[in-house]
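Next come the chains, spelled out residue by residue.
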There are 2 protein chains.
Amino acid sequence: MNSSDTKLQRASQLFEVYLKRQSLKLTKQRQEILVQFLSVGHHISAEEFHLIFKEANSKIGFSTVYRTLKLLTDCGLAREHQFGDRFTRYESSFETDHHDHLICTQCGDIIEFESAEIEALQTTIAKSHNFIIQDHKLELYGLCAKHNQ
Amino acid sequence: MNSSDTKLQRASQLFEVYLKRQSLKLTKQRQEILVQFLSVGHHISAEEFHLIFKEANSKIGFSTVYRTLKLLTDCGLAREHQFGDRFTRYESSFETDHHDHLICTQCGDIIEFESAEIEALQTTIAKSHNFIIQDHKLELYGLCAKHNQ
DNA sequence: ATTTCTGCAAATAATTTGCAACATC
DNA sequence: GATGTTGCAAATTATTTGCAGAAAT
């Protein structure tokens, strides 16, 4: 990786390698979706994401958005989340450290945080159960600064 | 609470008080569902739970099971979870400490654990964001003892 | 007697898939 | 040219709701 490349360039490269490995094709739609995905805010549902294309008069269909989000998840560029509502939400996981979420039950606001201490404790607990962690999700639900008086 | 009561008796009492407060009625179905819910294993979906009644030739319908699980959640006897599959799963939260989960991505096995240290760290983090925690979910996904060689 | 509940079947909501026309390799 | 993709519409899956008859207060 060349550090003078932009983040988009590095992500595209990873995506293209992944597609080639799986004998999949690099299409205009897939390229455009990756660009948007990296620039768009976090925690977006497939439906919300599709709306962005619709509003930009892009003709990309919902299925393509949906299937491409799955591809991005498979190749490690995206992560899926299910918070309280019943949508599957996606966020970029490219060149970002793992982080967890504070979710306001009043306004739905999502605040991200990282904690090396908690992760260390998780590893200890997993070890004591002879369990190997691949991934984790920690969500704290409650009232954000705006909604506790 | 009388400590010579059984757990079921104590849970029933809590449920009855809740129903009365909400001007809801105590029906045969609701009683039967509570009994089953306390005796049944954890992390059951509404559909799986309904199947138990069906197989016991109980005529309780799916909607009643579904709506009663919601009631149990509302009055604090049950908790909802969404793990990797797309079912909402329920577990008893009556007279049990809050616990978190290790979920095997190979066999779906769920191991429960508690960690006061992690909870303390969560509180610290929340405080630093001026956030008040109402609830939390921590899930560690990976390979259980049987599935890491 | 009034109010709430049940169980069915039908509606909803999000996700997933089949397929004919099209694009990429 | 062979293979994979797109966008539509239709299918699927889990959840939720409307309603007439039944049960609880």
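Residues numbered from 1 in each chain as written. Chains lettered and ligands numbered in written order. Predicted model: local features only at pLDDT ≥ 70, side-chain atom pairs only at ≥ 80, totals over all residues. Heavy atoms only, no water.

A. Spatial organisation of the protein's contact with DNA strand D. Taken together, 24 residues lie near DNA strand D, and Lys25(A), Thr27(A), Arg30(A), Thr64(A) and Tyr66(B) sit nearest. Counting only the atoms of DNA strand D within 4 Å of the protein, the fraction contributed by sugar and phosphate is 75%. In this structure, a sugar or linking oxygen belonging to DNA strand D sits 2.9 Å away from a side-chain N or O atom of Gln29(A). Between DNA strand D and Thr64(A), the relevant distance is 2.7 Å, taken from a phosphate oxygen to a side-chain nitrogen or oxygen of the residue. Taken together, the elements giving at least two residues each to the surface near DNA strand D come down to α2 (28–39) and α4 (62–74) of chain A together with α4 (62–74) of chain B. The greatest single-element share of the surface near DNA strand D, amounting to five residues, is contributed by α4(B). The residue inventory of the surface near DNA strand D, partitioned by class, reads six nonpolar, eight polar and ten charged. (Near = heavy atom within 4 Å. Polar contact = N/O pair within 3.5 Å; in protein donor to acceptor, adjacent residues only side chain to side chain. Helix = DSSP H or I, 4+ residues; strand = E, 2+ residues; numbered from the N terminus. Nonpolar A, V, L, I, M, F, W, Y, C, P; charged D, E, K, R; others polar.)

B. Structural detail: the interface of chain B and chain A. Taken together, the contact between chain B and chain A spans 33 residues of the former and 33 residues of the latter. Interface area for chain B against chain A, summed over the two sides, is near 3,000 Å², with a carbon-plus-sulfur share of 67%. Counting across the chain B and chain A interface gives zero salt bridges. Summed over the shared surface of chain B and chain A, the number is twelve residue pairs in polar contact (both at pLDDT 80 or more). Only β4 (100–104), β5 (110–113), α5 (116–128) and β6 (132–143) of chain B provide two or more residues apiece to the side of chain B that touches chain A. Examining the composition of the side of chain B that touches chain A, we find that twelve residues originate from one element, β6(B), more than from any other. Here the side of chain B that touches chain A is composed, by residue class, of 18 nonpolar, ten polar and five charged. (Contact = heavy atoms within 4.5 Å. Buried area = accessible area lost by both parts, 1.4 Å probe. Salt bridge = Lys/Arg side-chain N within 4 Å of Asp/Glu carboxyl O.)

C. Here's a closer look at α5(B). The first and last C-alpha atoms of α5(B) sit 19 Å apart over 13 residues, in line with the 18 Å expected at 1.5 Å per residue. Within α5(B) the residues assigned to the buried category are Ile118(B), Gln122(B), Ile125(B) and Ala126(B). All buried residues of α5(B) lie within an arc of 100 degrees about the axis, which places them on one face of the element. Counted as exposed and oriented over 90 degrees from the buried face of α5(B): Ala116(B), Thr124(B), Lys127(B) and Ser128(B). Against β4 (100–104), β5 (110–113), α5 (116–128) and β6 (132–143) of chain A together with β6 of chain B lie the buried residues of α5(B). Remark: Asn130(B) follows α5(B) within two positions and exhibits a positive phi of approximately 55 degrees. (Expected span 1.5 Å × (residues − 1). Buried < 20%, exposed > 50% of the residue type's maximum accessible area, 1.4 Å probe, protein only. Arc of directions from axis to C-beta.)

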